[in-house]
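For reference, the chains in residue letters:
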Amino acid sequence: MSEIPEELKYTKSHEWVLVNEDGTMTVGITDHAQELLGDLVFVEFPEVGNRYGTDEACGVVESVKAASDILAPVSGEVVEVNEALSDTPEVINQDPYGDGWIYKMRPDDVAEVDSLLDAEAYRALIEAEE
Amino acid sequence: MPFIPHTPEEVREMLAVVGVGDLDSLFDEIPPELRLAQFQGVPDGVSEMEVSRLMAERAARDRVGLNFVGAGAYEHHIPAAVWQIATRGEYYTAYTPYQAETSQGTLQVIYEYQSMMAELTAMDVSNASLYDGASGLAEAVLMAVRSHRKSRTRRILMPAAVHPAYRATTETLVRAQGIDLVSLPYDPRTGTLDRDALARHEGEDITAVVIPQPNFFGLLEEVDELSAWARRQGALSIAVVNPLLLSLLKPPGEWGGEGVDIVCGEGQPLGIPLSSGGPYCGFLCTRQAHVRQMPGRLVGRTVDADGRPGFVLTLQAREQHIRRSKATSNICTNQGLMVTAATIHMALLGAEGLERVAATSYRRTHQLVEMLAAQSGVRPAFDSEFFHECALRLGRPAEAVLERMAAEGVLGGYPLGRDYPGLEDTLLVCATETKSPEDLARYAEVLGRALEGP
């Protein structure tokens, strides 16, 4: 069973969200997602400064066998991306919840993050998928 | 791998395993009202002998004239060795190289082709080819829109002097994508891009600028200035070029110093016969930064599990069969046979040979134009440098003149009035290296007669 940290929030499209103290949120893809994708070869980041709506495609993670959209969990503005992944996208496979973070966003309404899936709900989701 | 169809016994055996009585039952999901009991309007079959005779009779009705038409498809000499090699079974009927282990030959040829195109255009990477120059431009426009993440307008500046078929095809393919194709007129005196019309777009959010070289009238555009202009505006630049002429002209990768972002065009001049319009092949080259937005196939060189070098299709995750509606394009093929011929042709001629063909074509057209100015008083319609095609102003409707020339066995050129209002008296003539001085003299003579009388 893949790792699902308790303190994070999750989306149906397999992103994880961490709300930061400064009001921004960090987004990445889950352990389950990186397992399904296989070895990652490229990350197409969202544009810093661009705004995206809830569930809007803002970037792409590409492996040898698939190129998968990354969605915005809630609406907001992208403030930072993890440039290091340009050279070493495989870090997402190795450490999806830590160094494999993909981008940071300032949400329009941080309360919207509460209505995302918690760890238990996400676990149930992927169990149902299998 | 030979193709061996199933015997009736094998078919019966398979049907039994699947639990189905006959082949037709496998199609019973199709509603009966959609099934065709019989093809309408298709006559009964005839023997091979009868078909051969019928085709011979039809072919005898074709007339081959002395060809002075360019307009996007060019008659060049193709050494006999090109198609002698390309029609070898290993090349002629090779399948799509999805299975790398059994397709190293095909993959290597495509890799060589890509390497040659990248070198000719002075760009970082080439794909394995597209259908033709026209759809190639459409793909380049779609690619520019995808690649340019900061531009919001999806506005593309498209010179009117880009090949009319390319513009029409692009319009058809991008129409439903919310892309704004803005036509830029040509200067009626020079025949090249109207710089004032271009300047009016300064300061706008432009996604890409298309720059032909030469343009449809055979004229050379100020490509350094135009690509620099695009760069200053923050727009991507798309070059539409004749690959044969790149042996002499400055390659798009060097235009304006830094070069353009995407190069496309028609590969037909490289060893592909005219064939009444096709098949041809489009090429597409770009910078490393945009490689993941490139449509079509891409062959890469790598090493296998044992460290031995080999070739493989790469970046397939962006292709239609995997990425589906979000793919870079719906194309998931290439013009494999045309690419094989073009690669052999380029290898046989080499850089020097390609240069000589381009230079001779340039000379022949210029000689013809001079001859016509002296003998028939017919002059170029535009006041700019031309390469191996020239728009000639006849002073009378070009279509009628061309009909008279065709009656004498000379295909005199392309009537520009078909696509450009105001140019009904202008024809586009092209003399390649295949035209001897005698051919040029005959053209002048036939044109002279066609211009006489009413």
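Quantities reported herein were computed from a predicted structural model and do not represent experimental measurements.

**What about the pairing of strand β7 (residues 262–266) of chain B?**
Residue and element names in this part refer to chain B. Burial analysis of β7 places five of its five residues in the buried class, the great majority of the element. Judged by which residues are buried, β7 turns out to be covered on both faces: Ile-262, Cys-264 and Glu-266 on one side and Val-263 and Gly-265 on the other are all buried. When strand β6 (residues 236–241) meets β7, the two strands line up parallel, connected through four bridges. Within β7, the position partnered with Val-241 by the bridge is Gly-265. The sheet contact formed by β7 and strand β8 (residues 282–286) spans five bridges and is antiparallel. Residue pairing across strands places Cys-264 opposite Leu-284, the latter belonging to β8.

**Some thoughts on the interface of chain A and chain B**
On the side of chain B, eight residues touch chain A, which itself brings nine residues to the contact. Within the residue set of the side of chain A that touches chain B, elements represented by two or more residues are β6 (57–63) and β7 (67–71) of chain A. For the side of chain A that touches chain B, a count of residues per class yields four nonpolar, one polar and four charged.

**As for the nonpolar core**
One finds B:Val141, B:Ala208, B:Val210 and B:Ile238 to be the most contacted residues of the largest nonpolar core, which totals 115 residues. If one sorts the elements of this core by residue count, helix α11 (residues 336–376) of chain B sits on top with 12 residues. Looking at which domains feed residues into this core, each of domain 1 (66–75 + 351–451) and domain 2 (80–343) of chain B supplies at least three. Once you skip the residues sitting within four places of it in the chain, B:Val141 turns out to touch B:Ile156, B:Thr170, B:Val174, B:Ile179, B:Ala208 and B:Ile238. The next biggest cluster of nonpolar side chains, apart from the first, holds 24 residues, and it includes A:Val60, A:Ala67, A:Val74 and A:Tyr103.

**Quick look at the environment of B:His201**
Residues and elements named next belong to chain B. You can see His-201 is positioned in the loop between α8 (195–199) and β5 (208–213). When the 17 C-beta atoms within 10 Å are taken as the criterion, His-201 is described as partly exposed. With 32 residues separating them along the chain, His-201 and Gln-233 place their C-alpha atoms 9.1 Å apart. Those residues in contact with His-201, other than ones at most four positions away along the chain, are Leu-157 and Ile-206.

**So, the domain arrangement of chain B**
Residue and element names in this part refer to chain B. Split by domain assignment, chain B resolves into domain 1 (66–75 + 351–451) and domain 2 (80–343). Computed from C-alpha atoms alone, the centre-to-centre distance between domain 1 and domain 2 is 28 Å. Contact residues are listed per partner, giving 23 residues for domain 1 and 21 residues for domain 2. Contributions of two or more residues to the side of domain 1 that touches domain 2 are made by α11 and β12 (389–393). For the side of domain 1 that touches domain 2, the element with the most residues is α11, which contributes six residues. Across the side of domain 1 that touches domain 2, the residue classes break down as 14 nonpolar, three polar and six charged.

Cut-offs and rules
Throughout this document, residue positions are counted from 1 along each chain, in the order its sequence is written. Written order decides the labels, with chains lettered from A and ligands numbered from 1. Reporting in this predicted model follows two pLDDT cut-offs: at least 70 for local features of residues, and 80 or more for side-chain atom pairs to be given and counted; totals over whole chains, interfaces and linings ignore these cut-offs and use all residues. Here a residue counts as buried when 20 or more other C-beta atoms fall within 10 Å of its C-beta, as exposed when 12 or fewer do, and as partly exposed in between; the C-beta atoms come from the backbone. Helix and strand labels come from DSSP, where a helix needs a run of H or I of at least four residues and a strand needs a run of E of at least two; each type is numbered from the N terminus. Any two strands are treated as partners once DSSP identifies two or more bridges connecting them. Whether two residues are in contact is decided by their C-beta atoms, placed from the backbone, lying within 7 Å. By the convention adopted, Pro, Cys, Tyr, Trp, Phe, Met, Ile, Leu, Val and Ala count as nonpolar, Lys, Arg, Asp and Glu as charged, and the other residues, Gly among them, as polar. Defined on buried residues, the nonpolar core groups Ala, Val, Leu, Ile, Met, Phe, Trp, Tyr and Cys residues joined through C-beta atoms within 7 Å. Boundary definitions for the domains trace back to an automatic or database domain assignment.

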